[in-house]
Amino acid sequence: MRLPSLERESALGGFRQDIEAAVPALRRYARALTRNAELADDLVQDTLVRALRSEHLFHGGELRSWLYTILTNLNRNRLRSLARRPAVQAIEDNDAPDMAGPEAGARDIERALASLVEDQRTALLLVVLEGLTYREVAEVQGVPIGTVMSRLARARMQIKAYLDGERPALRRVK
Amino acid sequence: MSDRDSPVTEDELHAYVDGELPADRRDAVEAWLSSHPDDAARVAAWRAQADAIRAHYGAIASEPVAARFDIDKLTRSGRSWRAIAAVAVIMAFLAGGVVGWMAHGASAAAPSRFDIFTSTALDAHKLYVVEVRHPVEVTGAERPHLVYWLSKRLDYQLLMPDLEASGLKLVGGRLLPGPFGPAAFCMYEGPSGERFTIYYARTDAPQTALRYRAGERFSAFYWVENGLAYVVSGPGDRERLLQVAQAAYDQIDKGVPAKTTR
C-alpha cells in the first residue's frame, strides 16, 4: 500500500520498492546469522531504517549487496558491544538431548554454524544461503576475494569436523 | 596434454560447488573428482552442508512479512525526529554525565588537554556510533539550525565541514557536557554505515597541528585552533581517518565549508 503523498516522490519509490523486495531475503540471512528470531528481525528493521535514511548516499550499484553490507556491519557492532558486557548471551537449547530424525539434523546444522567464527559464518551464509558471488561477498566484507575463499574453506572444514563428531567438549560433559 | 592433467586446487573445488568455476575447468574438476575419492567426499559433504543450511533457513524468506517492516511506515518514523527529541535529550544528558564523570576521574592524574579531549571525544564516539535510531538530537536536514544552536551554546561560531567529497553525509549533531563546559558533537556517515564524529570544545590550550591517538577500535585526530579543540574520531583505519580529518581541518582552517549548504 502506497500513500498518495508518496507518488510525488516516484523517483524514490523505485528505491523503496527495491528495498521492500529484499526484506524476505534479509530476514532469512539475519536469522541464520543470529539464530534468534527476535534479534534477527531487530537487525533487519535497523538495516531498513538505516538504508532509508541513507538513501541519498546510495550511488547506484547493487542494492542487495549494499543492504547485506549494512546488516553485516550492524551485526558486527552488536557482537562487539556484547563482547564488552559480561556474558549473558542466550545459549539456545544447548543441553537438549540428542534426537534422531530431521529435527536433530536441523539443530545440528544450527549448532555447527554457531561454532564458527563470525567472519567465516558471514561468508558461508552469503554464498550458500543468499547466493552472492565471491566478488559480492568480498565487497560486503571489505576484504580481497582470497580472504573470502579462505574463510569459506575454514567454515566448511569446521562444520564438517563438527558434524563428524569432533564437537566441543562442552556437549559431551554432562 | 590438456587441462584435465593439471592438478585441481582446493579453491577450485569450492568454486565448483558454488558455481563459480570457469566453464573450461569444469571437465577437469569432474575428472579429478572421479579419480580422487577423498576430494569427492569433501565436495559431497560441502554440498550436504549447503543443502542443510538452505533446508533449515530457506523457508523464512517465504514467511509473510510483518507490518513492522512496512517501508512507508519506517520512512515516516525515520523522519519524525522531533517526536523522539525529548528522549534523545535525556539520553544525551545521562550519557554525557557518564562521560563527564569519567573525564573528571581522569583529571586527577593531571593528563594533558590532548588526553582529556581525545578520551572524552572517543567515549562519546563509542557511545553514539552504535545508535541506529537516535544517533543525534538534531539531524543534518536541519543543518543551519544545528550550527546556530550549538554555536550559541558554546558561544563560538562553529563550522561543520561538508564531507560529501569524502563520501560522508552529515547525520546531525548533539550537545554534550564536556570536562570544562559544553561540547558540540556531530556525526557523519558513509554509504555502508561507517561513522565519523567531530567533537568541539572551548579551550585555552595553544594552537596545535593534527595529532593522532590510536584507540582499541576507534582512533582520533586532535587539533586546537583559535581557542577551540577539535577531535575527529572514526574507525581504526588511520589512512582513511587522516583523509577525513584533513578534509575537516582544511575547511575549518579556511573558515568555509567546501560548498554552501542549501
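Residues numbered from 1 in each chain as written. Chains lettered and ligands numbered in written order. Predicted model: local features only at pLDDT ≥ 70, side-chain atom pairs only at ≥ 80, totals over all residues.

## Let's talk about the overall build of chain A
Move 1: A tally of helices and strands in chain A yields 8 helices and 0 strands.
Move 2: Along chain A, helices and strands appear, N-terminal first, in the series α-α-α-α-α-α-α-α.
Move 3: Put simply, chain A has 174 residues, and 35% of those count as buried.
Move 4: Partitioning the contacts of chain A with sequence separation of at least 6, the portion at a separation of at least 24 is 64%. (Helix = DSSP H or I, 4+ residues; strand = E, 2+ residues; numbered from the N terminus. Buried ≥ 20, exposed ≤ 12 C-beta atoms within 10 Å, placed from the backbone. Contact = placed C-beta atoms within 7 Å.)

## As for helix α6 (residues 134-141) of chain A
Every α-helix carries 3.6 residues per turn, so stepping three or four residues along brings you back to the same face.
Move 1: Burial in α6(A) covers these residues: A:Tyr134, A:Val137, A:Glu139, A:Val140 and A:Gln141.
Move 2: Phi turns positive one or two residues past the end of α6(A), at A:Gly142, with a value near 65°.

## Brief notes about the interface of chain B and chain A
Move 1: In this complex, chain B contributes 33 residues to the contact, which on the side of chain A involves 47 residues.
Move 2: Those elements that provide at least two residues to the side of chain B that touches chain A are α1 (10-17), α3 (37-57) and α4 (71-79) of chain B.

## What to know about the confidence of the model for chain A
For residues with low pLDDT, the predicted coordinates do not support detailed interpretation.
Residue and element names in this part refer to chain A.
Move 1: Summarising the model, chain A shows a mean pLDDT of 78, and 72% of its residues fall at 70 or more.
Move 2: When pLDDT is averaged over each helix and strand of chain A, the minimum, 46, is found for helix α8 (residues 169-172) and the maximum, 96, for helix α5 (residues 118-128).
Move 3: A low-confidence stretch, residues 87-100 (pLDDT under 50), is modelled with 4 contacts involving residues beyond four sequence positions or located in other chains.
Move 4: Predicted confidence is poor over residues 169-174, with pLDDT under 50, and the contacts of this stretch with residues over four places away or in other chains come to 0 contacts. (pLDDT = per-residue confidence, 0-100.)

## Here we look at unusual backbone geometry
Residue and element names in this part refer to chain B.
Move 1: Located in the positive-phi region is Asp155, a residue other than glycine, with phi close to 55°.
Move 2: Mapped onto the secondary structure, Asp155 falls in the loop between α7 (143-154) and β2 (169-178).
Move 3: Even without being glycine, Asn226 reaches a positive phi, approximately 45°.
Move 4: Within the secondary structure, Asn226 sits in the loop between β6 (218-225) and β7 (228-235).
Move 5: Residue class for Asn226 comes out exposed when judged on the 7 C-beta atoms lying within 10 Å of it.

## Let's talk about the nonpolar core
What tends to happen in soluble globular proteins is that the nonpolar side chains get buried as a cluster.
Move 1: The biggest cluster of nonpolar side chains holds 46 residues, and the ones touching the most others in it are B:Tyr199, B:Tyr200, B:Tyr222, B:Tyr230, B:Val231, B:Val232 and B:Val244.
Move 2: If you list the elements that add at least two residues to this core, you get α6 (113-129), α7, β2, β3 (181-189), β4 (195-202), β6, β7 and α8 (238-254) of chain B.
Move 3: When neighbours within four sequence positions are excluded, B:Tyr230 is seen to be in contact with B:Ile198, B:Tyr200, B:Tyr222, B:Trp223 and B:Ile252.
Move 4: Ranked by size, the runner-up nonpolar core spans 45 residues in total, among them A:Ala30, A:Val128, A:Val140 and B:Ala52. (Core = buried A, V, L, I, M, F, W, Y, C linked by C-beta atoms within 7 Å.)

## Focus on the confidence of the model for chain B
Residue and element names in this part refer to chain B.
Move 1: For chain B, the mean per-residue pLDDT works out to 83, and 82% of the residues sit at or above 70.
Move 2: In the predicted structure, residues 78-83 sits below a pLDDT of 50 and forms 4 contacts with residues beyond four places in sequence or in another chain.
Move 3: Note on residues 103-109: pLDDT under 50 across the span, and 10 contacts to partners over four residues away in sequence or across chains.
Move 4: Model confidence for the complex: the whole-complex pTM is 0.54, and ipTM, which rates the interface, is 0.80.

## Things to note about the pairing of β6(B)
All names here are of chain B.
Move 1: Of all 8 residues making up β6, 7 are buried, and the element is well covered by its neighbours.
Move 2: Following strand β5 (residues 211-214), the chain reverses through 3 residues before pairing antiparallel with β6.
Move 3: With 8 bridges joining them, β6 and β7 adopt antiparallel strand pairing. Within β7, the residue paired with Ala220 across the bridge is Ser233.
Move 4: What sits between β6 and β7 in their antiparallel hairpin is a turn of 2 residues, with Asn226 showing a positive phi close to 45°. (Pairing = 2+ DSSP bridges.)

## Looking at the sheet that holds strand β1 (residues 138-139) of chain B
Residues and elements named next belong to chain B.
Move 1: The strand order across the open sheet built from 7 strands is β1-β2-β3-β4-β7-β6-β5, with neighbouring strands paired in antiparallel fashion. This sheet does not close on itself; its edge strands, each paired only once, are β1 and β5.
Move 2: Where β2 lies against β3, 9 bridges are found, and the strand directions are antiparallel. Bridging across to β3, Leu170 finds its partner in Tyr188.
Move 3: Against the sheet, α7 engages β1, β2, β3 and β4, with an angle of about 20° to β2. (Axes fitted to C-alpha atoms, helices over the stretch in contact; angles between N-to-C directions.)

## A look at the packing of α5(A) against helix α7 (residues 145-163) of chain A
All names here are of chain A.
Move 1: One can describe the packing of α5 onto α7 by two numbers: an axis separation of 8 Å at closest approach and a directional angle of 95°. Regarding the angle of α5 to α7, the classification is roughly perpendicular. Facing α5, whose interface residues are Asp119, Gln120, Arg121, Ala123, Leu124 and Val127, α7 presents Val148, Arg151, Leu152, Arg154 and Ala155.
Move 2: Across the contact of α5 with α7, the residue classes tally to 6 nonpolar, 1 polar and 4 charged. (Parallel < 35°, antiparallel > 145°, perpendicular 65-115°, else oblique. Nonpolar A, V, L, I, M, F, W, Y, C, P; charged D, E, K, R; others polar.)

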